[in-house]
Number of protein chains: 2
Amino acid sequence: MHRLYELAVERSYNTGDIILREEQSADYVFSIRRGYAAMVRLTSDGKRQILAFLFPGDFVGFTSEDNYHYGVSAIAPVNACRFGRAELEALVEKYPVMDRKLRFTLTRAMDASYELLFSLGRKDSLQKVASFIWYVSYRHKKLAQPSNPIHLPMRRSDIADFMGLTIETVSRAFTVLKGMDVIRLRGAYEVEIVDMDRLRSIGVVVAEPAPYERNDPDYYPHKAD
Amino acid sequence: MHRLYELAVERSYNTGDIILREEQSADYVFSIRRGYAAMVRLTSDGKRQILAFLFPGDFVGFTSEDNYHYGVSAIAPVNACRFGRAELEALVEKYPVMDRKLRFTLTRAMDASYELLFSLGRKDSLQKVASFIWYVSYRHKKLAQPSNPIHLPMRRSDIADFMGLTIETVSRAFTVLKGMDVIRLRGAYEVEIVDMDRLRSIGVVVAEPAPYERNDPDYYPHKAD
DNA sequence: CGTAACCTTGAGCGTTTTCAAATATTGTGG
DNA sequence: CCACAATATTTGAAAACGCTCAAGGTTACG
């Protein structure tokens, strides 16, 4: 596993920087080391869908096509490791264990994607936003970050484009949740969850996705700090 | 690869049969040999979301959790091969190539899932239905099945639960597409695509998912008929 | 301290849903 | 093979939810 990071190139990105461009040849895979990024799908008519938020420990760039069908951009300053796909495949050839790990990574991403699919298809705006706040708290918790007064690393427009809403609707949902005394806001990005159970039940959170955990070195293949 | 099917149990299911139950222990993986199935997510309040339609050649049952967070049911008579997860992992241990194949399978499913994510989040009802019809035609084509006058193996309620709509809205979208002379209907399940390009452009079809192809034995690990 | 970017709030509009009824299709038994 | 019952689809009208457009308020940063 340490071998993996020998062929990595470490890179830094500022908020808004493009890590990976849509329609670019799919030659690289990235692992987020620090900061937050988003997988983004754009259309010619200006619509945007965020397919996933990337937290530290997440991988991105695997695709079955020759080109990426999404872009990746930093929504906060990011440190990421870049791996050449060819080198990665060669390494996998030598160390079959790697394959298993990659498969786990993909399966987890898959499960997270199904969660979002359900949210987009069958939740109303309040449920979407409630489950979103719960999701961010949960992911922070798994990374051993503060999970109750949480810091949202993304703006309202990112939340909107993730949940298939508009910024106005997202904002109104926050206001409603405040009025229900489920959350409190300290600025737009600091959320205190007053009633976690109610937040979870409003959000119709069914499954808990299983992202990497900091204290699980096996599933958290990062260089030591 | 032939070894894989030595540990498979072949099973048949009728329309409506449950192949795999939600919250069941994730001990099996299935590959669809014949017929059509759907991955389904249900909520206590009666909402339903179809996460994916399963065509011949598709695998289902991989998850990072201990239990499935979705069910699978046949939407038409199905023949499927059932693999024990433990046996599968053991086989993978012996034949590392298998791992690569499974990883490809997952990556393809992932890409398809991102396509749907985009549809659910950012398309209106007409675009959703147009892209859905295009998708079925495309999948049939890849399986060397008739792809222009196509047979829809799913009912309106399945389409609705896949695209995050109601059956009424789906039905109205079909009517509109008929009125635009983009499609013709011969009964509710036989669709003739009069103008494929227009159908595709209305549906804002960006990426072509890459399902298994019949004439690609490497990616179509089925017993010979 | 001022400006720019972002978030919140309001009002009106439009699309999709809901509820209800009619029509079409499928399957079954005579 | 036909008639009939059951199921599914289509169509219609009204209501609801989220979107658009517009303005006001906050926050962050130079």
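In what follows, the structure referred to is the one given above.
Now for a quick tour of the structure. Since this is a predicted model, take the numbers as computed values, not measurements.

The rules behind each value
Residues numbered from 1 in each chain as written. Chains lettered and ligands numbered in written order. Predicted model: local features only at pLDDT ≥ 70, side-chain atom pairs only at ≥ 80, totals over all residues. Heavy atoms only, no water. Buried < 20%, exposed > 50% of the residue type's maximum accessible area, 1.4 Å probe, protein only. Helix = DSSP H or I, 4+ residues; strand = E, 2+ residues; numbered from the N terminus. Arc of directions from axis to C-beta. Contact = heavy atoms within 4.5 Å. Buried area = accessible area lost by both parts, 1.4 Å probe. Salt bridge = Lys/Arg side-chain N within 4 Å of Asp/Glu carboxyl O. Polar contact = N/O pair within 3.5 Å; in protein donor to acceptor, adjacent residues only side chain to side chain. Lys, Arg positive; Asp, Glu negative; His and termini not counted.

Considering helix α2 (residues 85-94) of chain B
Of the positions making up α2 of chain B, those classed as buried are L88, L91 and V92 of chain B. Buried residues along α2 of chain B cover an arc of 100° about the axis, so they all sit on one side. Projecting away from the buried face of α2 of chain B at angles above 90 degrees are the exposed residues A86, E93 and K94 of chain B. Of the surrounding elements, those touching the buried residues of α2 of chain B are α3 (96-122) of chain A together with α1 (2-6), β3 (28-34), β8 (78-84) and α3 (96-122) of chain B.

Some thoughts on the interface of chain A and chain B
The interface of chain A with chain B comprises 47 residues on the first partner and 47 residues on the second. Each partner contributes to the roughly 4,500 Å² buried at the junction of chain A and chain B, and carbon and sulfur atoms together form 56% of this total. Per-residue buried area on chain A facing chain B is highest for R41, R103 and R122 of chain A; these three make up 17% of the total on that side. One can count 12 salt bridges joining chain A with chain B. With a closest N to O distance of 3.4 Å, R100 of chain A and E93 of chain B form a salt bridge. At the surface where chain A touches chain B, the tally comes to 27 residue pairs in polar contact (both at pLDDT 80 or more).

Regarding the side chain of R82 of chain A
All names here are of chain A. If you trace the backbone, R82 turns up in strand β8 (residues 78-84). This buried residue, R82, is left without a salt bridge; E87 holds the nearest opposite charge, at 7.4 Å. Excluding residues within four positions of it along the chain, R82 makes contact with L7, A8, V9, R11, Y28, V29 and F30.

That's the geometry; what it means functionally is another story.
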